[in-house]
Amino acid sequence: MQIHVTDRHGKRHTLEALEGFRVMEIIRDWDLDIKAECGGACACGTCHVYVAPEWAEKLRGPLDEETEQLDMTFDVEANSRLSCQIIMTAELDGLEVTLAPGTEKERAAA
Amino acid sequence: MNEHIETDVVIVGAGPVGLFAVFELGLLDLRAHVIDILDRPGGQCAELYPEKPIYDIPGIPEVTGQQLTDNLLHQIAPFDPQFHFSQMVTALEKQEDGRFRVETDAGQIFIAKVVVIAAGGGSFQPKRPPVPGIEDYEGGSVFYAVRRMEDFRDRNVVIVGGGDSALDWTLNLETVAKSVTLVHRRADFRAAPHSVEKMWALEKEGRVRFRLGQVSGLEGLEGGLSAVMLKTGDGEERIDADRLLPFFGLTMKLGPVANWGLNLNENLITVDTAKFETSEPGIFAIGDINTYPGKLKLILSGFHEAALMAQAAKRIVSPGERIIFQYTTSSTSLQKKLKAA
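For the structure given in this document, a descriptive report is provided here. Since we're looking at a predicted model, the values are computed, not measured.

Scoring rules and cut-offs
- Residues numbered from 1 in each chain as written.
- Chains lettered and ligands numbered in written order.
- Predicted model: local features only at pLDDT ≥ 70, side-chain atom pairs only at ≥ 80, totals over all residues.
- Heavy atoms only, no water.
- Salt bridge = Lys/Arg side-chain N within 4 Å of Asp/Glu carboxyl O.
- Helix = DSSP H or I, 4+ residues; strand = E, 2+ residues; numbered from the N terminus.
- Buried < 20%, exposed > 50% of the residue type's maximum accessible area, 1.4 Å probe, protein only.
- Contact = heavy atoms within 4.5 Å.
- Buried area = accessible area lost by both parts, 1.4 Å probe.
- Polar contact = N/O pair within 3.5 Å; in protein donor to acceptor, adjacent residues only side chain to side chain.
- Pairing = 2+ DSSP bridges.
- Expected span 1.5 Å × (residues − 1).
- Arc of directions from axis to C-beta.
- Core = buried A, V, L, I, M, F, W, Y, C linked by side-chain atoms within 4.5 Å.

1. With respect to the pattern of salt bridges
Evaluated as defined, the whole model comprises 30 salt bridges over all chains. With a closest N to O distance of 2.9 Å, Glu305 of chain B and Lys295 of chain B form a salt bridge. Note that Glu305 of chain B is positioned in helix α6 (residues 299–317) and Lys295 of chain B in the loop between β21 (290–291) and α6, a separation of 10 residues in sequence. Taking relative accessible area as the criterion, Lys295 of chain B reaches 15% and is therefore assigned buried. What emerges from the salt-bridge pattern is a single network uniting Asp71 of chain A together with Arg185, Arg186 and Arg190 of chain B.

In structure tokens form, the structure reads like this:
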């Protein structure tokens, strides 16, 4: 099972995914740059992704708490989702997402 | 302005780990002052997920962030911790006498023998819309909270967001502002339904405007805002405005911690695993803000770190004093401290 993730520099990564894991967790555990500061509690918006149009339909729609969290997130588009709220299933094998602005980890000032 | 506060220990951060540090230090007779940027204790537990159940606190099968905070406050009450809320530690320096001088943005100064950084992901700060140049307007035209309604009298105000802050201030500022425009990305709101109803009623009367969209740009000169650009479904719209209030909640920034001369690794403070001391002796870092080989960002890890840190802190505060390791189950002296005996 795989997912394809385009990072903030435009580089596309193909990541091995495990059923039942959150897409945010998969991205984080493969060491891509994702802030995900609340750890998957749908409480921060820093795992925001754009889902490729062909996949948007296949996802279970967002619950209210995800929609409300997106209200507090910037650069939201019609295909915006929080990747901590997408759980991997066999149907999502091949899922294509792009990390949104604002998901980068904070870097210490040099 | 304020008197200096002299204390054994200053704890930076009132999240679960900072709170439990009060307990472990207290068992060793060390007194602590606790500083937090939020206006209440609990840190992420209180701010990000007060209602979410946590399942991995040893001995507590299920507890919400708020309940855990309340339990910790109850547990540390015998040690009478002194809290300083709504303040951010801006400076931390070692003095010539070996003690530390801790200063907050409220001008409060602490002199402490030991400093414990339990700042989690850093300090909570309002989310700033990613609009180029917005910093230049902050404090003059762009505000993340309303301190004085007078600042908005006879102004053209744009408020962005869909929660209670956005709706409440739309309703309140309508009475003093020249105009109020509420901007949100959708026509549904998570704010209290009666506020939303009121807002729509005012909108119908033409007393407030509502726009579907997101802020895409600002126009103005030398910190004085003149217009807000919106990205709407149909394109761009320019709204005359000299005040902007974005309400997008809080995010965590490392903040001033980065400037305290401590060794960092990817914005985390490196510590040893015997004492959880930083590269500066006498300054400890516990909880999510530290890193070491094998670190897991779990509340229970922070609790363990607090216990070991307290032993090392005691040696600094009371050099030469023999530390007798005791259990709360059997030690009458500890039970007295906990007011249980």
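2. Notes on the interface of chain A and chain B
Taken together, the contacts link 23 residues of chain A with 24 residues of chain B. Between chain A and chain B, roughly 2100 Å² of surface is buried when both sides are summed, and carbon and sulfur atoms account for 46% of that area. Connecting chain A to chain B are five salt bridges. Where Glu77 of chain A meets Lys231 of chain B, a salt bridge forms, and the shortest distance between an N and an O atom there is 3.0 Å. Put simply, chain A and chain B have 16 residue pairs in polar contact (both at pLDDT 80 or more) between them.

3. Some words on the pairing of strand β13 (residues 214–221) of chain B
Residue and element names in this part refer to chain B. Summarising the sheet, β13 and strand β14 (residues 224–232) pair through seven bridges and their orientation is antiparallel. Directly across from Leu221, in β14, lies its bridge partner Gly224. As consecutive antiparallel partners, β13 and β14 are separated by two residues, and within that stretch Glu222 has a phi angle of approximately 45°, a positive value.

4. Some points on helix α3 (residues 65–76) of chain B
All names here are of chain B. With 12 residues, α3 ought to run about 16 Å at 1.5 Å a step, and its terminal C-alpha atoms sit 17 Å apart, in line with that. All of the buried residues along α3 are Gly65, Leu68, Thr69, Leu72 and Ile76. Around the axis of α3, the buried residues are gathered within 100° of arc, so they sit on the same side. Where α3 is buried, its residues meet α1 (16–27), α2 (44–47), β3 (53–54), β4 (63–64), β5 (82–84) and α6.

5. Description of the nonpolar core
Here is a general trend for soluble globular proteins: nonpolar side chains tend to be buried in one another's company. Among the nonpolar cores identified, the biggest contains 70 residues, and Ile11, Leu25, Ile117 and Ile286 of chain B are the most heavily contacted of them. With residues near it in sequence (within four places) discarded, Ile11 of chain B still touches Gly18, Ala21, Val22, Leu25, Ala32, His33, Val34, Ile35, Val116 and Ala118 of chain B. Judged by nonpolar contacts, the second largest core, of 28 residues, contains Val51, Ala52, Val76 and Leu95 of chain A.

6. Examining the environment of Lys35 of chain A
For Lys35 of chain A, the location among the structural elements is in the loop between α1 (23–29) and β3 (48–51). Considered as a pair, Lys35 of chain A and Thr46 of chain A are 11 residues apart in the sequence and their alpha carbons are 5.6 Å apart. Other than its neighbours up to four places away in sequence, Lys35 of chain A contacts Thr46, Thr103, Glu104 and Lys105 of chain A together with Thr251 and Met252 of chain B. Looking at Lys35 of chain A, its side chain comes within polar contact range of the main-chain oxygen of Met252 of chain B, at 3.1 Å.

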